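# Architecture and fold: a report
Listed below, chain by chain, are the residues.
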Amino acid sequence: MRKIKFIIMTLSVVLCTIAANAQKRSNPFFAKYQTPFQVPPFDKIDTSDYMPAFLEGMKQQNAEIAAIVNNTVAPTFANTILAFDKSGKLLTRVGKVFFNLTEANTNDQMQALARKLSPLLSKHSDDIALNAKLFKRIKAVYEKRKTSRLDAQQIRLVEKYYRDFERQGANLSKEKQDRLRKLNEELSMLTITFGENLLAENNNFNLVIDNQADLDGLPQNVVDAASATAKEMKMDGKWVFTLDKPSLIPFLQYAKNRALREKIYRGYFMRGNNGNKHDNNDVVAKMAKLRVEKAQLLGFDSYAAYVIDDNMAKTPAKVDEFLTKLWNAALPMSKKEVEEMQKIIDREGGNFKLQSWDWWYYSEKVRKEKYDLDDNELKPYFSLTNVRDGMFHVANQMYGITFIKRTDLPVFQKDVETYEVREANGTHLGILYLDYYPNPGKSGGAWCTDFRSSGWEDGKKIDAIESVTFNLTKPTGDTPALLNWDEVTTMFHEFGHSLHGLFVQGKYNRTAGNVPQDYVEMPSQFMENFAGDPEVLRSYAKNYKTGEVIPENLIAKIQNSGRFNQGFITLEYLAASILDMDFHELTQAKDINVEAFEKQAMDKIGLIPEILPRYRSTYFAHIFNGGYAAGYYVYIWAAVLDADAFDAFKQSGNIYNKDLAAKFRKYCLAESGDDEGMVQYKKFRGHEPSVEPLLKRRGLE
Ligand SMILES: [Zn+2]
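Presented here is an overview of the structure given in this document. (Residues numbered from 1 in each chain as written. Predicted model: local features only at pLDDT ≥ 70, side-chain atom pairs only at ≥ 80, totals over all residues. Heavy atoms only, no water.)

Attention shifts here to the overall build of the protein chain. A tally of helices and strands in the protein chain yields 27 helices and 9 strands. Over its C-alpha atoms the protein chain spans a radius of gyration of 27 Å, differing by no more than 12% from the 27 Å that the globule rule assigns to 701 residues. For the protein chain, the C-alpha atoms occupy an extent of roughly 85 × 65 × 55 Å along the three principal directions. Across the protein chain, the fraction of contacts at a sequence separation of at least 24, relative to all contacts at a separation of at least 6, is 74%. As displayed, the protein chain has an accessible area near 31,100 Å², and 50% of this comes from carbon and sulfur atoms. (Helix = DSSP H or I, 4+ residues; strand = E, 2+ residues; numbered from the N terminus. Rg over C-alpha atoms; globule rule 2.2 N^0.38 Å. Contact = heavy atoms within 4.5 Å. Areas by Shrake-Rupley, 256 points an atom, 1.4 Å probe, with all protein chains shown as cover.)

Quick look at the structure:
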């Protein structure tokens, strides 16, 4: 995951004066950092430093924008666009530290501060977006951009800023702006309602078991967890399964009682569609309708056209075309998977036809027979240090860069490792923080962010300070941290994001490395391919005790495991993506019957009854309560790109091919954001990405 960059914002209201006493101790945010490579002086930052720095940061940016707006000289690239692009330096500096630490190493004080800051910062941001005078100047530069002797980069920057404002309605008449504001308010209320209904529906259903025989087939740890849940709910002696994935999936996977599997799965797939007060059908219908109106107000045919215009894919038609290609490839495979499982049912004398609630149970049997990947067998080959050195080795072989451990840089948490990254010729490239283990102040999951983005200041390159946060298995006693396969690929994934950040070269803040949602995961997923490549595995997967290189049969198992259940995984994902596109490609703001709409959408593509879309309409939170409307496709779009990019290396016969690596670095990473994603990709690859390598990887070709 790549956390979204902290966006620079402005404010036209003076908030309040800075607390005078906080100024006596010198606030580290107010001066240039006096540390090696000017990394944040974590050891000198006190929680009380943040608020004054944020307030001063907003005030400074405010003054910078006022200076742009009140300039009596006619708008130019330099006095308007560039000045705006450079504004908010202090705000960015403090924001990068604060928001990274509220995820990586937080506490109650920091959380309270975050709640206090949130409305101030969103107001600050809104005030910029609605600053009509600022937009007027930007528009003036935009209209003359082609005749002002600007270079391609400058023109792109002007267009980006212009479009940012335009997409938020800056160009509309007063009445239309009022209507847009109303629509935004209504949509945001509906979003909240959708989420609240879904939460209530999640909690409305529990599968309570009081007969031990009904637990047949479940592993002990799953039974224990269900017993603990029952205790929490004051149902001692019983077992409770909920609709949360860690409870639901093991039940579907292992429970022998078929009727109970059906019961819990129905509970899951009927959420928001039960005709009670938490029903989401109306909410979805209203949102779909209002989004058409919003898109058309802003000059687009459909909401999907509005969203995707800003993405690499550019048009809904392009997305539809590629989803259809993948669909046609995955559908036969999923039918084969059904046949394979039906055979097991028949063999066991089941005497019934496989249904959607049987899928996990029988695919688990297939997995055991054909794809069993035992983490305990693998783990000795994946000590954390070996995996870390393995990913450094890959980057070194491809790009020539080296990683030098530093012990003199301040860290935000004692276990964090810091590395200086150097170019092949020894010059400094940037800094990398690696934070491996869970701690009470850390959010779950893994992500990459930066404490400073690479950029340019007064003609001088500013180097990136990247930071990767994990929640990996800890070392125990004398045993080093030994990772499971999922953790290994996670390390390579996040490392891929950090390389992207380190390599960025772009001149302007708004564009440098700033890639759309359907591009962001490409550099990271690209690196995942290396983790499991046989040649790369042989270089780093070595037994932590004996140094023995991972045996070939385990390499084969790792390779093979990537093909398990891929028909299902691909199809349920694509079904949801297509449903998302259908809702958002509506070109008429009309009332729809959500259930009928969904059925029609799925019938049209021939979804088999044994599989439901990964999310059905009334619990599709990504698109009705998250930022993925007309954007659920981005995950597989990025997968097509990463598989195609990696294929170039495979085809060349040299997994570390330096010439290809140099091209990939230049066009897809360093210059990313300098032009449209597809343009950059084609410069590297020579053609548009093909879906074939992904199909091959998933065994769907
Ligand atoms: Zn990612």
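This is not the end of the story, as more comes after the structure.
Its 18 residues give helix H24 (residues 634–651) an end-to-end C-alpha distance of 25 Å, which sits within 8% of 26 Å, the value for a rise of 1.5 Å per residue. Most of H24 sits out of view: 15 of its 18 residues are buried. (Expected span 1.5 Å × (residues − 1). Buried < 20%, exposed > 50% of the residue type's maximum accessible area, 1.4 Å probe, protein only.)

What follows deals with helix H13 (residues 316–347). With 32 residues, H13 extends 45 Å between its outermost C-alpha atoms, agreeing within 8% with the 46 Å of an ideal straight helix rising 1.5 Å per residue. If you look at H13, its biggest bend is around 25°, right at Ala-330, and the proline Pro-332 turns up within four residues after that. (Bend = angle between axes of the 7 residues up to and from the residue.)

Taken as a whole and judged by the stated rule, the model has 58 aromatic pairs. Ring centres 4.9 Å apart and planes at 80° place the aromatic pair Tyr-361 and Tyr-362 in the edge-to-face group. Exposure remark for Tyr-361: the relative accessible area of 9% places this residue in the buried category. An aromatic cluster is present here, built from Tyr-265, Tyr-268, Phe-269, Trp-359, Trp-360, Phe-568 and Tyr-619 joined pairwise through their rings. Directly above the aromatic system of Tyr-306 lies the positively charged group of Arg-167, at a separation of 4.1 Å from the ring centroid. A cation over an aromatic ring shows up here: Arg-258 above the ring of Phe-352, its NZ or CZ 3.6 Å from the ring centre. (Phe/Tyr/Trp six-rings, centres within 6.5 Å; stacked < 30°, edge-to-face > 60°. Lys NZ or Arg CZ within 6 Å of the ring centre and 35° of its normal.)

Honestly, it's all geometry; don't read function into it.
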